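Architecture and fold: a report
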Amino acid sequence: MNRFAELLDRLAYEPGRNNKLRLIADYLRKTEDPDRGYALAAMTGALSFKNAKAGMIRALIAERTDPALFALSYDYVGDLSETVALMWQPVPLPPRSGGEGLGVGGDLAPQKKVPPTPDPSPPFASQMWGGEKNRRNDPSPTLTDVVETLSTLGKAQLPAQMARWLDALDENGRWALLKLVTGGLRIGVSARLAKTAAASLGGKEPDEIEIIWPGLAPPYLELFAWLEGRGDKPLNRDPAPFRPAMLAHAIEETDFTALDPADFSAEWKWDGIRVQAVAGRDEDGHVVARLYSRTGEDISKSFPDLLESLRLPAAIDGELLILRDGRVQSFNVLQQRLNRKTVTPKLTAEFPTHLRAYDLLAEGDDDLREHPFEQRRARLQAFIEKLADPRIDLSPLVPFQTWDQLIAARANPAEGGAGLDADAVEGVMLKRRDAPYLPGRPKGPWWKWKRDPMIVDAVLMYAQRGHGKRSSFYSDYTFGVWNGDDQLVPVGKAYFGFTDEELSQIDRFVRRNTVNKFGPVREVTHEADTGLVLEVAFEGLQRSTRHKSGIAMRFPRINRLRWDKPPREADRLETLEKMLDKSATSDPLVPAQAGTQGQSA
Amino acid sequence: MRAEDILVPMPSGLCCKPGGFHIDPTRPVDKALITHGHSDHARAGHGAVLATQETLDIMRLRYGDDFAGSTQTIRYGESAKLGDVTVSFHPAGHVLGSAQIKVERKGLRVVASGDYKDLPDPTCTPFELVPCDVFITEATFGLPVFRHHDAPGETAKLLRSVELFSERAHLVGAYSLGKAQRVIAMLRAAGYDKTIYLHGAMEKITAYYQERGIDLGPVELVRGTKKAELAGTITICPPSAMSDLWSRRFPDPVLAFASGWMRVRARARQRGITLPLVISDHADWDGLTSTIATTGCSEVWVTHGEEEALVHWAHMQGLKARPLAIVGYGDEEESENPAPAEIDSGADA
């Protein structure tokens, strides 16, 4: 458990993606089977233990500690698992010297360290280092011990087993054990990241692992054997496998001159979630259907309503949307359907999912990926007609002959053919008619051309130091606009969009214009005539009760620094209110969810 | 005869009226006995100061030659008569020269332990247990969540990180008196023999430790070293320097911090630390409770820190216990800001 505990500990503090990858890969390389396989399972969410709940942990610690000391400690630490991990006092206690007759309660007695004898030894004599570590006699459990024991252990025996493990582990080991069994490691590692680290062991692409992943199970012995060149690549016998997705590059104005409109077809870029919907027949001839995220994570469980519609063997690339009365809802609405632990009938009724298809990767036993887009599109159209399911439709093409026509459609999707769904359009996609379906992000065949963002001029109010490489820079900015009383009210927070050079300019400005410090946060001068105006770009606005201004921005970033502009000329809250009225698409029945994060898919 | 007839807690620190002195006073007094050189305990401006040679030397390094009217040296184990009380100094194991002070009058023994730890430290004399009737203790880490018994395990973690991220620099935040030198000595004990770099604020104290015969191996000021040369190296600096412009001279630094506070995750996160090292120069919960129990005292006074839990614990053991809440102790960290000159030299590096 110790090495796994150290890995979790480091991952929990490490903000950088590449550094996390290094830490995981290093762990997987140095750790034996089957421990590393179970670690990979833990990080990819493939393990779950039903019986370990916070209540049980509380009961365990109550048996070992004085309630007042526990209360003071919990209050100080603020996290139950962490408090228990730190406070846990192993029994039985080793004998201790001195202090006879003090009636030390078993729960509180110091369990270690005989204080050095009063021996006036020379100051710098060599010191004893041994004896500090590994004082216990019993070996601590391995990760494999924990996982395999828990998979068979009954609920009634769990508390005693947990207590034995907690006795045998050190502070960090106990913390890791409690995180593991109570579910949700929350160490900022996605399944994709963990698989990417595993792939790096054998110099493979993460997509290669995604493809075979559904056929694998912990502790992944076959997978590691293959990655280390000791065995064949595991076969994916899954009847409904994931196929690595093809991604687009953002197009720049200058790219158009080199492109011929006749080579391309265009579609709307929908503001939903990119998914791959796959159905196949198993050995018994039953249809197996799965829904994957664009990175290959199996998200079927979250969308049982859509799964029922995947009746014919095929692999569809498309956008997951919420449709009400045939009309596409905004991403805000879709967000409320996401990340729910349980999918209730009420949820599926209120947020009916829909698949808008734009590519067909396979049909029956035919792999279509080598065919040009134009042919795949024809197959897709025929397939959707044959399927004839109200939950799955074809994403329409945007007709155009010249770039100017496409520019006009993009500027006004409602007129350009998207009609009432125009609000759910976030731009257009360009696809070469002759391009095969290629995994990854090849440059040239596919382009995305997003709508222009909304822009306001706001005033920098607070700055906070960043993390990792940016830990000495004030890189997180809270900005505001003027309200009716000529006061600045915060409307958002942004921490990217600027160049390194701009970052150091803002950092210098923040350090020289600080009026107040609150821990890592600095309040920066923001008067009518002194202060820094930031041009902020964002993708949308919604009402928010969490923000004082009543408005939350989606995906805000710093577009430009307006050193030339005095704060008094920054935008006003009314301007944002008007933008909000214009862009309001959220259903009044559903309160808009607070939050400014962008879509994750 | 009561303990209060020997020592009285005052806002200015512990006062011994029959002996005519204070212990670690927080404001200038005529006669002061100083337990150790950290700035919250050892302040400038007293009339006369009695302390160990190392503590006096450290005060001189920090405050200049005229830090006190007069000074007198006392060795570990040595006694001195002041009025009708007898005082003696005993190793506290906290930093170089740190002492507990025993004050005895008519058979009643009071020990003011200053800051102490009962764990091995290659840079100072080990803690000595002094039997007494009244034990005056700190409680910086006086909660049962604070356990820092595995310092070598923490340096091993640092060395594993240096090995894995060999193209990055490792910055280790450490208080400039005691912790910095202890971390260096522990790295040496773990077999690390490369040059260890120092922030300018560490220079004088570290040189002093070396003068006193503590082997710290090759150490060098980081000033003037090229960024590329700092890849794969370890630099020890004051904790505050890690968020300063100064830190930009390092290639993609891993931010480590050697402190007992690192035991609590939220503490490490607030500071943006990515490699917390639980290494403390204070006794942890087990150290505090086992020391109190072993002194054989019947009464405990708690000077500063998380006194509530420790007083509660002492009561459960049937001991008399009271918090003194002396204001001004425990601020060593705050006084660790680097000199302005150091910040400026960092800006153009």
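The coordinates are above.
Residues numbered from 1 in each chain as written. Chains lettered and ligands numbered in written order. Predicted model: local features only at pLDDT ≥ 70, side-chain atom pairs only at ≥ 80, totals over all residues.

So, the environment of Ile316(A)
Residues and elements named next belong to chain A. Inspection of the secondary structure assignment puts isoleucine 316 in strand β5 (residues 314-324). Spatially, the C-alpha atoms of isoleucine 316 and glutamate 363 are 8.8 Å apart, while their sequence positions differ by 47 residues. When sequence neighbours within four positions are dropped, the list of residues in contact with isoleucine 316 reads Ala277, Leu355, Ala357 and Leu360. (Helix = DSSP H or I, 4+ residues; strand = E, 2+ residues; numbered from the N terminus. Contact = placed C-beta atoms within 7 Å.)

With respect to the sheet that holds strand β5 (residues 46-51) of chain B
Residue and element names in this part refer to chain B. As summarised here, the arrangement of the six strands in space is β1-β2-β3-β4-β5-β6, forming an open sheet in which the pairing is mixed. The open sheet has two free edges, formed respectively by β1 (8-10) and β6 (68-73), since each of these has just one partner strand. Each adjacent strand pair in this sheet contributes to an overall mean axis angle of 30°, direction not counted. Looking at chain direction, β1 and strand β2 (residues 13-16) are connected through three bridges and run antiparallel. The residue bridging proline 9 from the neighbouring strand is leucine 14, located in β2. (Pairing = 2+ DSSP bridges. Axes fitted to C-alpha atoms, helices over the stretch in contact; angles between N-to-C directions.)

Regarding the environment of Leu33(B)
Residues and elements named next belong to chain B. Considering the arrangement of structural elements, one finds leucine 33 in strand β4 (residues 31-33). Considered as a pair, leucine 33 and glutamate 306 are 273 residues apart in the sequence and their alpha carbons are 24 Å apart. Excluding residues within four positions of it along the chain, leucine 33 makes contact with Phe21, Ile23, Leu50, Ala51, Val87 and Ile101.

As for the sheet that holds strand β16 (residues 254-258) of chain B
Residues and elements named next belong to chain B. Here six strands make up an open sheet; going across it, the order is β14-β13-β15-β12-β16-β17 and the pairing parallel. At either end of the open sheet lies a strand with only one pairing partner, and these are β14 (219-221) and β17 (275-277). Averaged over all pairs of adjacent strands, the angle between their axes in this sheet comes to 25°, without regard to strand direction. Here strand β12 (residues 170-173) pairs with β16 via four bridges, running parallel. Bridging across to β16, valine 172 finds its partner in alanine 256. Contacts from helix α3 (residues 179-189) reach β12, β13 (196-198), β14, β15 (234-237) and β16 within the one sheet, and its direction differs from that of β15 by about 160°.

Here we look at the packing of helix α4 (residues 54-64) of chain A against helix α6 (residues 80-87) of chain A
Residue and element names in this part refer to chain A. In the contact formed by α4 and α6, the axes pass within 11 Å of each other and the chain directions differ by 30°. The angle between α4 and α6 places the two elements in the roughly parallel class. For the pair α4 and α6, the sense of crossing is left-handed. Counting all contacts with α4, which are made through Ala54, Ile57, Arg58 and Ile61, the residues of α6 involved are Leu80, Ser81, Val84 and Met87. Tallied by class, the residues present in the contact of α4 with α6 amount to six nonpolar, one polar and one charged. (Parallel < 35°, antiparallel > 145°, perpendicular 65-115°, else oblique. Left-handed = near helix turned anticlockwise from the far one by under 90°. Nonpolar A, V, L, I, M, F, W, Y, C, P; charged D, E, K, R; others polar.)

Structural notes on the nonpolar core
The nonpolar side chains of a soluble globular protein tend to be buried with one another. Core analysis: the largest hydrophobic core is formed by 165 residues, its most contacted members being Leu177(A), Val110(B), Val183(B), Ile236(B) and Ala256(B). When near neighbours in sequence (up to four residues on either side) are disregarded, Leu177(A) contacts Met1(A), Val146(A), Trp165(A), Leu166(A) and Leu169(A). By size, the runner-up hydrophobic cluster in this structure holds 55 residues, among which are Phe242(A), Ala266(A), Ile322(A) and Ala357(A). (Core = buried A, V, L, I, M, F, W, Y, C linked by C-beta atoms within 7 Å. Buried ≥ 20, exposed ≤ 12 C-beta atoms within 10 Å, placed from the backbone.)

Considerations on helix α2 (residues 151-164) of chain B
Taking 1.5 Å as the rise per residue, α2(B) with 14 residues should run 20 Å; its terminal C-alpha atoms sit 20 Å apart, in good agreement. Among the residues making up α2(B), those that are buried are Ala151(B), Glu154(B), Thr155(B), Lys157(B), Leu158(B), Ser161(B) and Val162(B). Buried residues in α2(B), looked at end-on, bunch into an arc of 150°, giving them a common side. Looking at the packing, one finds that the buried side of α2(B) touches α1 (2-13) of chain A together with β12, α3, β15, β16 and β17 of chain B. (Expected span 1.5 Å × (residues − 1). Arc of directions from axis to C-beta.)

Quick word on the pairing of strand β10 (residues 108-112) of chain B
Residues and elements named next belong to chain B. Buried residues dominate β10, accounting for four of its five residues. Across five bridges, strand β9 (residues 99-105) lies against β10 in antiparallel orientation. Bridging from a neighbouring strand, valine 103 pairs with valine 110 of β10. In this sheet, strand β11 (residues 134-139) lies alongside β10 in parallel orientation, the contact comprising three bridges. Looking at β11, one finds that valine 110 is bridged to valine 134.

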